[in-house]
Amino acid sequence: MRYDLAVIGAGIVGLAHATLAARAGLKVVVIDRDMRANGASVRNFGFVTVTGQGQGDTWRRARFSRDIWAEIVPQAGIDVLHKGLVMLTHSPGARRVIEEFARHPMGEECALWEPEQVRAALPFAHGNGLSGGLHSPHELRVESRTAIPKLAAWLEETQGVSFRRGVAVTGIVPGRVETALGPIEAEAIAVCPGHDFRTLFPEVIARHRPQECKLHMLRLSDPGWRLPHAVMSDFGLLRYRGYHVCPSQPALAAQLQQEAPEILADGIHLIVVQSADGSLVVGDSHHYGATVDDFAPESVDRKILDLARSTLDLSRSEVVERWVGVYGSAEQDAFIETPDPRIAITCVTSGTGASTAFGLAQDCLGHYLGILP
Ligand SMILES: Cc1cc2nc3c(=O)[nH]c(=O)nc-3n(C[C@H](O)[C@H](O)[C@H](O)COP(=O)(O)OP(=O)(O)OC[C@H]3O[C@@H](n4cnc5c(N)ncnc54)[C@H](O)[C@@H]3O)c2cc1C
């Protein structure tokens, strides 16, 4: 059997490539060394974010991806758990940044909320220092742990995509994928290896000088209220590159560095999303290295929890689960390389893959490999 497209990696980036190629009628095989999805794609918030994504390619890819997510979730039986985002601000400096963002073209359809509007929408948000909020209608949230397996099952059962699981890819030449269990022939090959930068085309990937980034994540029990939207706060205005277009952003960065150096030292910012059973997924932190360890110091979790508790009423919640996740990190949010006209490598090197995977896949298969219009 010769495939039109072989995809290496069954994380969200590989599945996005398979989705768009299968939709165009191509014969697709997805190959992954793991028996089930176990990487960044099932460890994240499932937060498909548009507002705050970096200006240019990342924002464009996020808007495209959000539309594809919205189209396929009902077909694949995936629930959207909430829509939109509220970025809460707790100082005049942070408020200035969201005011500027709301006036920017990327702030399209976003609304600036006064503290009273925040309290009306989120009565469980603490009032201490609250200076406003930016409401974005663009986002959606899925439960990645179940959504990724459902997407793969839908591709296999209804879209004709073949899956080869538990199969490590050891080498690639034009037209052929070498695996631990023998070769697989394909016209075009898309390598979507997550943060495995050393197995396939290491010399090509090394040009981007990628690192690993480790994140701490927590699940808290049902707080007794329901989130209408995902919640973020001031520190997100530093971490999300889209807000860097705001002239006041550097002043906010300096202010937060002075007020909370211990939060920034662990790369912490707040995202809170809610699951169907009412539990909250809360994070996260960022620690970088050529190879990060799997250890998760309690001191980091404590800082994330303190930030969450100072933002929302979590008096009825307790920690019920903890995990770490790893993604690739580099100067650019993502890159696509073509070591051969029939082979492409797509790597996300930032915490944006759930939000941009379909846009990357469209660019890779359309522009770089030329197998989609
Ligand atoms: C804790 C955490 C929170 C995050 N939050 C968000 C968020 O809210 N929103 C957002 O947009 N993004 C978020 N991200 C980032 C996002 O999850 C990643 O960018 C995305 O999942 C990367 O997907 P991927 O398919 O490239 O990688 P992965 O999910 O790591 O999948 C790569 C797959 O390739 C396989 N593979 C690699 N090499 C080979 C080989 N040689 N042979 C066979 N198989 C191979 C691996 O087994 C793996 O299954 C978060 C990430 C983490 C860790």
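An unreviewed UniProt entry lists the protein chain under the name FAD-dependent oxidoreductase, from Elstera litoralis. Taken from UniProt, the Cofactor (unreviewed entry) comment for the protein chain reads in full: "FAD". The UniProt entry for the protein chain carries this comment under Sequence similarities (unreviewed entry): "Belongs to the DadA oxidoreductase family."

Our next topic: the nonpolar core. Core analysis: the biggest nonpolar cluster contains 56 residues, and Leu122 and Tyr243 have the highest contact counts within it. When near neighbours in sequence (up to four residues on either side) are disregarded, Leu122 contacts Val86, Leu88, Leu227, Pro228 and Val231. Counting residues in hydrophobic clusters, the runner-up holds 46 residues, among them Ala188, Ile336, Leu365 and Leu372.

What follows covers the layout of surface pockets. Taken as a whole, the second largest pocket holds about 260 Å³ of empty space. Taken together, 15 residues make up the lining of the second largest pocket; nearest its centre are His90, Asp234, Phe235, Leu256 and Leu307. Every element with two or more residues in the lining of the second largest pocket is listed here: α9 (249-259), α10 (261-265) and α11 (298-311). Grouping the amino acids of the lining of the second largest pocket by side-chain chemistry returns five nonpolar, seven polar and three charged.

Around the ligand sit 36 residues in total, of which Asp32, Ser41, Asn44, Val169 and Ser355 are the nearest. Contact distances for the ligand include 3.1 Å between a nitrogen atom and a backbone N or O atom of Gly351. The protein chains hide 96% of the 1,000 Å² of surface that the ligand would expose on its own. Going through the elements one at a time, α1 (12-23), α2 (40-43), β11 (211-220), β16 (319-329) and α12 (353-368) are the ones with two or more residues in the shell around the ligand. Its residues assigned to classes, the shell around the ligand shows 18 nonpolar, 13 polar and five charged. Residue assignment places the shell around the ligand across two domains, with domain 1 (2-44 + 145-208 + 332-368) and domain 2 (86-141 + 211-329) each supplying three or more.

Before going further, it helps to examine the packing of aromatic side chains. In this structure the tally under the stated criterion is three aromatic pairs. A centroid spacing of 4.8 Å and a plane angle of 55° characterise the contact between Phe101 and Tyr243, whose relative ring orientation is tilted. You can see Phe101 sitting in helix α4 (residues 92-103) and its partner Tyr243 sitting in the loop between α8 (236-239) and α9, a full 142 residues away along the chain. What makes Tyr243 buried here is its relative accessible area of 1%. The ring of Trp59 has Arg63 sitting right over it, with the charged end atom 3.7 Å from the ring centre. Residue placement shows Arg145 over the ring face of Trp323; its charged tip is 4.9 Å from the ring centre.

This part covers the domain arrangement of the protein chain. Where the parts come together, the accessible area they lose is often given as the size of the interface. Under the domain assignment, the protein chain is made up of domain 1 (2-44 + 145-208 + 332-368) and domain 2 (86-141 + 211-329). A straight line from the C-alpha centre of domain 1 to that of domain 2 covers 30 Å. With 13 residues of domain 1 at the interface, the matching set in domain 2 holds 15 residues. Summed over both partners, the interface of domain 1 with domain 2 comes to about 1,100 Å²; 45% of that surface belongs to carbon and sulfur atoms. Looking only at domain 1, the three residues that lose the most surface to domain 2 are Arg43, Arg145 and His195, adding up to 44% of its buried area. Across the contact surface, domain 1 and domain 2 share two salt bridges. For Arg145, the salt bridge goes to Glu321, with nearest N and O atoms at 3.1 Å. The interface formed by domain 1 and domain 2 contains six residue pairs in polar contact (both at pLDDT 80 or more).

What counts, and at which threshold
- Residues numbered from 1 in each chain as written.
- Predicted model: local features only at pLDDT ≥ 70, side-chain atom pairs only at ≥ 80, totals over all residues.
- Heavy atoms only, no water.
- UniProt positions renumbered as here; feature names shortened; annotations may be inferred.
- Core = buried A, V, L, I, M, F, W, Y, C linked by side-chain atoms within 4.5 Å.
- Buried < 20%, exposed > 50% of the residue type's maximum accessible area, 1.4 Å probe, protein only.
- Contact = heavy atoms within 4.5 Å.
- 1 Å grid on protein atoms, 1.4 Å probe; cavity = no way out; pocket = protein on both sides within 12 Å on 5 of 7 lines; lining within 4 Å.
- Points joined across faces, edges and corners; volume = space filled by probe spheres on them.
- Helix = DSSP H or I, 4+ residues; strand = E, 2+ residues; numbered from the N terminus.
- Nonpolar A, V, L, I, M, F, W, Y, C, P; charged D, E, K, R; others polar.
- Near = heavy atom within 4 Å.
- Polar contact = N/O pair within 3.5 Å; in protein donor to acceptor, adjacent residues only side chain to side chain.
- Areas by Shrake-Rupley, 256 points an atom, 1.4 Å probe, with all protein chains shown as cover.
- Domains from an automatic or database assignment.
- Phe/Tyr/Trp six-rings, centres within 6.5 Å; stacked < 30°, edge-to-face > 60°.
- Lys NZ or Arg CZ within 6 Å of the ring centre and 35° of its normal.
- Buried area = accessible area lost by both parts, 1.4 Å probe.
- Salt bridge = Lys/Arg side-chain N within 4 Å of Asp/Glu carboxyl O.

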